[in-house]
Amino acid sequence: MRNSHDTAPSSTWEYTLYVPHDPRAVAIARHTLTRILTTHHLPTLLDDARLLASELLGNAIRHTQGPAALKLRHNGSALRLGAWDTDPAPPTDPGPDSYGLHLVDTYADDRGWFQVNAGGAGAAGKYVWCELGTPA
């Protein structure tokens, strides 16, 4: 007889944390991210993932007026971190004196963004993402 607890965890998983427009939400998201990566046995990604998630979600809260979300997806070989916000305008390239998205460029293996169109019950806005490779 097989117990449901005997099932191996999937290497593919996804989480979304919706947060209000509140600067304290970034710390809550960092804590949640730490718990998720620890639970999935990915402690080597913690420092970089916390830094990147803080930057992406912090930008979403700092530059918009609505709620935001931190989205995490692991596909077995990479961790994608992304922040959704309610402003469909593209993220601006950082100036030479800012370090914002330069951090993302420095620490992430890839990054991008796309507009999110409202459909059904969903909300419009944009999704800014980056990826970290998972160590073998």
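Scroll up to find the structure.
Bear in mind that the values here come from a model prediction, so they are computed numbers and not experimental data. (Residues numbered from 1 in each chain as written. Predicted model: local features only at pLDDT ≥ 70, side-chain atom pairs only at ≥ 80, totals over all residues. Heavy atoms only, no water.)

### Some words on the overall build of the protein
Broken down by element type, the protein carries three helices and five strands. For the protein, the N- to C-terminal ordering of α and β elements is β-α-α-β-β-α-β-β. When burial is assessed residue by residue, the protein has 38% of its 136 residues classed as buried. At a minimum sequence separation of 6, the contacts of the protein that also span at least 24 residues come to 64%. Summed over its atoms, the accessible surface of the protein is roughly 8100 Å², and 54% of this surface lies on carbon and sulfur atoms. (Helix = DSSP H or I, 4+ residues; strand = E, 2+ residues; numbered from the N terminus. Buried < 20%, exposed > 50% of the residue type's maximum accessible area, 1.4 Å probe, protein only. Contact = heavy atoms within 4.5 Å. Areas by Shrake-Rupley, 256 points an atom, 1.4 Å probe, with all protein chains shown as cover.)

### Structural notes on the side chain of Asp85
Its place among the elements puts Asp85 in strand β3 (residues 78–85). Polar contacts involving the side chain of Asp85 include one to the main-chain amide nitrogen of Asp87, which spans 2.9 Å. Discounting residues that sit within four places of it in the chain, Asp85 has contacts with Ala60, Thr64, Pro67, Ala124, Gly125 and Lys126. (Polar contact = N/O pair within 3.5 Å; in protein donor to acceptor, adjacent residues only side chain to side chain.)

### Some words on the packing of helix α1 (residues 25–39) against helix α2 (residues 46–62)
Viewed as axis vectors pointing N to C, α1 and α2 meet at an angle of 150 degrees, and their least axial separation amounts to 9 Å. Viewed along their axes, α1 and α2 form a crossing whose handedness is right-handed. Of the residues in α2, those in contact with Ala25, Val26, Ala29, Arg30, Leu33, Thr34, Leu37 and Thr38 of α1 are Leu46, Ala49, Arg50, Ala53, Ser54, Leu57, Gly58 and Ile61. Across the contact of α1 with α2, the residue classes break down as 10 nonpolar, four polar and two charged. (Axes fitted to C-alpha atoms, helices over the stretch in contact; angles between N-to-C directions. Left-handed = near helix turned anticlockwise from the far one by under 90°. Nonpolar A, V, L, I, M, F, W, Y, C, P; charged D, E, K, R; others polar.)

### Examining the packing of α2 against helix α3 (residues 100–107)
Helix-helix packing: each pair is described by the crossing angle between the helix axes and the interaxial distance. Following both chains from N to C, one finds α2 and α3 inclined at 150 degrees, their axes separated by 10 Å at the closest point. α3 is crossed by α2, and the crossing has left-handed handedness. Residues Asp48, Leu51, Leu52, Glu55, Leu56 and Asn59 of α2 touch α3, and the partners they reach there are Gly100, Leu101, Leu103, Val104 and Tyr107.

### Quick notes on the pairing of strand β2 (residues 68–75)
Relative to β2, strand β1 (residues 12–19) runs antiparallel, the two sharing eight bridges. Looking at β2, one finds that Trp13 is bridged to His74. Here seven bridges tie β2 to β3, and the two strands are oriented antiparallel to one another. The residue of β3 that forms the bridge with Ala69 is Trp84. As consecutive antiparallel partners, β2 and β3 are separated by two residues, and within that stretch Gly76 has a phi angle of approximately 100 degrees, a positive value. (Pairing = 2+ DSSP bridges.)

### Comments concerning unusual backbone geometry
In this model, His41 sits at a positive phi of 60 degrees, which is unusual for a non-glycine residue. Here His41 lies in the loop between α1 and α2.

### Considerations on the environment of Ala69
Here Ala69 shows up in strand β2. Among the residues examined, Ala69 registers a relative accessible area of 0% and is labelled buried. Considering only alpha carbons, one finds Ala69 and Thr16, 53 residues apart in sequence, at a separation of 6.6 Å. In this structure Ala69 touches Thr16, Leu17, Tyr18, Val19, Leu57, Gly82, Ala83 and Trp84, once residues within four positions along its chain are discounted.

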